[in-house]
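Single-letter residue listing:
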Amino acid sequence: MTNIGHNVRRLMVEGLQCLTALVESRQYLAAIQSLYYMLPFFVKNSDELLTKSEFIIAMNNLIVADMTVLSNISGPVVGAVLHKIAAMIKHQISQACSVTVECATPLLKLWISILLKVLSLQEGKNYNLKKSAKQIYFLLDVIVKISFIDCYTRSDIIDIFYAFGNPLLSSSNVQPTIWTKIFGSNTETFTILKKHIFPEYPCLAWIIIRSETKQKQVQDLWYYVQKEIAEDCDISPLGALKKACNFLKIKQPSLESLPIYRWAEQILDTSISHPILPLLWQNFFYCFFERISILNPEAQKSNGLNYFEADYLKKLKSRAQETAEYYKNCLPSSQASDVGEPENSVIIKKKMYP
C-alpha cells in the first residue's frame with residue numbers, strides 16, 4: 001500500500017480494496033498494520049469513511065476473525081487477532097498523545113464510531129450478538145481504559161459517548177442525533193451494552209451508563225418518577241414509573257432501566273478489587289440520596305429506600321461493607337487506624353486523590 005498510502009482520495013478507494021483483500025485472504029497481521037498507518041489519515045474524513053460499507057464489513061470480518069479460526073470453541077472468543085488489534089489501538093493512541101493530548105481525542109472518536117458501526121452491522125446481519133458483540137465491547141473497553149490515564153481525554157470520551165448515547169425513550173419531540181444516523185430511528189430501547197449492566201467490562205459499563213443516564217429523556221423520566229414517589233410514599237416504583245410515562249406521554253421502559261437500578265446491579269456484579277467500583281458507588285449514592293422538593297423546599301427528602309426490598313438492601317449493604325473493608329486494608333496501617341478521625345480523613349483523601 002506504499003504507492004497509494006500518501007493520498008487520502010486513493011486510500012479511500014484503492015486502499016480499502018487492499019485492506020479488504022488482506023482480510024479476505026486471512027492476512028490479519030498485515031491488515032492490522034495497514035490500519036495502523038491508514039486510519040490517522042481519515043480523522044478529518046471520518047463521515048465519508050464510515051459510509052463505506054466495504055470498510056465496515058472488512059472491519060467486522062477482522063474483529064470476528066478469532067471466531068472463524070477458533071470456531072470449535074464455545075463462547076465468545078478473544079484470541080490472538082483481537083489482542084493484536086487492541087495492541088495496535090493502544091500504540092496508535094500513544095503515538096498521537098506523544099504529539100499533544102488533543103491529537104488523541106479525534107482518533108479515539110473515530111475508533112468508537114467504527115466499533116459502533118460494526119456493532120450496528122452485526123445487529124442488522126443477525127449475528128450471534130452474545131459472542132460477536134462482546135468482541136466489540138472488549139475493544140471499546142480498551143479505548144475507555146486509555147482515556148482514564150488523562151482527565152481531559154476521559155472527559156472527552158464521556159462527551160463522545162454522550163453524543164452517541166441513545167435516549168432510553170422515544171417521543172415525537174426527540175431530535176435526530178449522531179446515534180440515530182448510525183443505527184437508524186428504531187432505537188427507542190437501545191443501549192450500547194445490549195443489556196443494562198456489563199460485569200465483564202466495568203470501566204466500559206461505567207462510562208456508558210453514565211453517558212446514557214445523562215440523556216435529557218432519561219433525566220426527565222427519573223425526575224418525574226422521583227416526584228411521584230415523593231408525593232405518595234405508598235406508591236411502588238413500578239406504579240411511579242407508569243404515572244411518569246403517562247405524564248411524559250412516552251413508551252414505558254423496563255423498571256430495571258432506571259439509573260438507580262443500573263448502578264446497583266453493576267455494583268453487585270463488579271469485583272471488589274476493581275478500581276472502578278468506588279465510582280460506581282458514587283453514582284449510585286447520587287441517585288439514592290438525591291433530594292427532591294415538591295411543595296415545601298425545606299422538607300426535602302431522599303427516596304432511595306423506596307426503590308428496594310429488604311433482601312436487596314441487605315446485599316447492597318453487605319457489598320458496601322466489603323468495599324470499605326477492602327480499601328481500608330489497602331491503606332498503610334498507620335493511616336487505616338485513623339480513618340475514623342475527621343482531620344486525618346481529609347489528609348488521607350488528599351493523598352489518595354492528588
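Residues numbered from 1 in each chain as written. Predicted model: local features only at pLDDT ≥ 70, side-chain atom pairs only at ≥ 80, totals over all residues. Heavy atoms only, no water.

Enquirer: Just to check I follow, could you spell out the nonpolar core for this structure?
Expert: Taken as a class, soluble globular proteins show a tendency for nonpolar side chains to be buried jointly. One finds Phe55, Phe284 and Phe308 to be the most contacted residues of the largest nonpolar core, which totals 92 residues. Tallying contributions element by element places helix α7 (residues 101-124) first for this core, with 12 residues. Excluding residues that lie within four positions of it along the chain, phenylalanine 284 makes contacts with Ile260, Trp263, Ala264, Ile267, Phe308 and Leu316. (Core = buried A, V, L, I, M, F, W, Y, C linked by side-chain atoms within 4.5 Å. Buried < 20%, exposed > 50% of the residue type's maximum accessible area, 1.4 Å probe, protein only. Helix = DSSP H or I, 4+ residues; strand = E, 2+ residues; numbered from the N terminus. Contact = heavy atoms within 4.5 Å.)

Enquirer: I keep staring at the confidence of the model for the protein and nothing clicks. Help me out?
Expert: Detailed reading of predicted coordinates is not advised where the pLDDT is low. Of all residues in the protein, 73% attain a pLDDT of 70 or more, and the chain-wide mean is 78. Mean pLDDT in the protein bottoms out at helix α18 (residues 342-352), which sits at 37, and peaks at helix α15 (residues 277-288), which reaches 95. Here residues 72-76 is a poorly scored stretch, pLDDT under 50, and it has 4 contacts once near neighbours within four places are set aside; other chains count. In this model, residues 167-190 is a region of pLDDT below 50 whose contacts with residues beyond four sequence positions or in other chains number 50 contacts. (pLDDT = per-residue confidence, 0-100.)

Enquirer: Is there a simple way to think about the packing of helix α14 (residues 259-268) against α15 in this case?
Expert: Working note: a packed helix pair is described by the angle between its axes plus the distance between those axes. Interhelical geometry of α14 versus α15 gives an angle of 150° and a closest axis separation of 9 Å. The angle between α14 and α15 falls in the class roughly antiparallel. For the pair α14 and α15, the crossing hand works out as left-handed. Along its contact with α14, which presents Pro259, Ile260, Trp263, Ala264, Gln266 and Ile267, the element α15 presents Leu277, Leu280, Trp281, Asn283, Phe284, Cys287 and Phe288. For the contact of α14 with α15, the class distribution of residues is 11 nonpolar, 2 polar and no charged. (Axes fitted to C-alpha atoms, helices over the stretch in contact; angles between N-to-C directions. Parallel < 35°, antiparallel > 145°, perpendicular 65-115°, else oblique. Left-handed = near helix turned anticlockwise from the far one by under 90°. Nonpolar A, V, L, I, M, F, W, Y, C, P; charged D, E, K, R; others polar.)

Enquirer: Even after reading the chapter, I still don't get the pattern of salt bridges, so can you show me in this structure?
Expert: Pairing is possible between side chains that carry opposite charge, provided their charged atoms lie close to one another. Counting across every chain of the model gives 6 salt bridges. Ionic pairing is found between aspartate 220 and lysine 216, a salt bridge with its closest N-O pair at 2.8 Å. Here aspartate 220 and its partner lysine 216 are both found in helix α12 (residues 216-231), 4 residues apart, which amounts to about one turn of the helix. Judged by its relative accessible area of 26%, aspartate 220 is partly exposed. Here lysine 216 falls in the exposed class, since its relative accessible area comes to 55%. For lysine 227, the salt bridge goes to glutamate 231, with nearest N and O atoms at 3.0 Å. Linking lysine 227 with glutamate 231, this pair stays in helix α12, spanning 4 residues, or about one helical turn. (Salt bridge = Lys/Arg side-chain N within 4 Å of Asp/Glu carboxyl O.)

Enquirer: Looking at this structure, I do not really get helix α9 (residues 151-164). What am I missing?
Expert: Think of an α-helix as turning once every 3.6 residues; residues three or four places apart then point the same way. For α9, spanning 14 residues, the distance from its first C-alpha to its last is 20 Å, which sits close to the expected 20 Å at 1.5 Å a residue. Along α9, the positions that sit buried rather than exposed are Thr153, Ile157, Ile158, Ile160, Phe161 and Phe164. Mapping the buried residues of α9 onto a view down its axis gives an arc of 160°, with all of them on the same face. (Expected span 1.5 Å × (residues − 1). Arc of directions from axis to C-beta.)

Enquirer: How should the packing of aromatic side chains be read in this particular structure?
Expert: Think of a pair of aromatic rings as described by two things: how far the centres are apart, and how the planes are tilted against each other in angle. A complete count under the given rule lists 18 aromatic pairs for this structure. Ring geometry for tyrosine 261 versus tyrosine 307: centroids 6.1 Å apart, planes at 80°, classification edge-to-face. Remark: tyrosine 307 occurs in the loop between β2 (301-302) and α16 (310-330) and tyrosine 261 occurs in helix α14; sequence separation between them is 46 residues. Just as tyrosine 261 is buried, tyrosine 307 falls in that class too. Relative to phenylalanine 284, the ring of tryptophan 281 has its centre 5.8 Å away and its plane inclined at 80°; by these criteria the two rings are edge-to-face. Of the two residues, tryptophan 281 and phenylalanine 284 both sit in helix α15, 3 residues apart, roughly one turn of that helix. Members of the aromatic cluster, each reached through a chain of ring pairs, are Trp222, Tyr261, Trp281, Phe284, Phe285, Phe288, Phe289, Tyr307, Phe308 and Tyr312. Of note, lysine 214 hangs over the ring of tyrosine 162, and the distance from its end group to the ring centre comes to 5.3 Å. (Phe/Tyr/Trp six-rings, centres within 6.5 Å; stacked < 30°, edge-to-face > 60°. Lys NZ or Arg CZ within 6 Å of the ring centre and 35° of its normal.)

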